[in-house]
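If you want the building blocks of each chain, they are given just below.
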Amino acid sequence: VCAADAARALEQFGASPHSFEALIVDRRLGAESGVALIERLRTLRVDTPVLLVSGVHERPVELERIPGPAIALLPKPFRPSALLAALRALLAES
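Caption draft 1: Highlighting unusual backbone geometry. Here lysine 76 and proline 77 are connected by a cis peptide whose omega angle stands at -10°. With respect to the element layout, proline 77 can be found in the loop between strand E5 (71–75) and helix H3 (80–93).

Structure (structure tokens):
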């Protein structure tokens with residue numbers, strides 16, 4: 001499932017949160033940050049694994065206050081194989 005913005009992501013995830021095995025969220029989403037979106041998504045289902053992709057290679061300190069399992073960070077740019085490997089590792093940890 002792909003969402004064009006944070007509002008659509010919340011709508012889609014909120015309709016069926018247990019149908020998602022993991023979430024891939026971009027750190028920059030225009031009006032809302034990816035970190036803020038993750039916070040809102042985790043209120044719907046706290047145990048959802050999340051992969052945050054970002055052009056900024058530093059881990060946002062705000063991630064530490066979000067409940068649930070660890071949030072993995074994948075720096076941009078990346079190859080599709082790196083995305084797949086990061087997602088597999090994330091799912092293996094959960």
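Caption draft 2: Focus on the confidence of the model for the protein chain. Residues of the protein chain with pLDDT of at least 70 account for 100%, and the chain-wide mean is 92. The spread of mean pLDDT over the elements of the protein chain runs between strand E2 (residues 28–29), the lowest at 82, and H3, the highest at 96.

Caption draft 3: Just the layout of surface pockets, in detail. Approximately 360 Å³ is the volume found for the largest pocket. If you go around the largest pocket, you meet 17 residues; those closest to its centre are Val1, Ala3, Ala9, Ile24 and Val25. Here the lining of the largest pocket is built from residues that sort into 14 nonpolar, one polar and two charged.

Parameters and conventions
- Residues numbered from 1 in each chain as written.
- Predicted model: local features only at pLDDT ≥ 70, side-chain atom pairs only at ≥ 80, totals over all residues.
- Heavy atoms only, no water.
- Helix = DSSP H or I, 4+ residues; strand = E, 2+ residues; numbered from the N terminus.
- pLDDT = per-residue confidence, 0-100.
- 1 Å grid on protein atoms, 1.4 Å probe; cavity = no way out; pocket = protein on both sides within 12 Å on 5 of 7 lines; lining within 4 Å.
- Points joined across faces, edges and corners; volume = space filled by probe spheres on them.
- Nonpolar A, V, L, I, M, F, W, Y, C, P; charged D, E, K, R; others polar.

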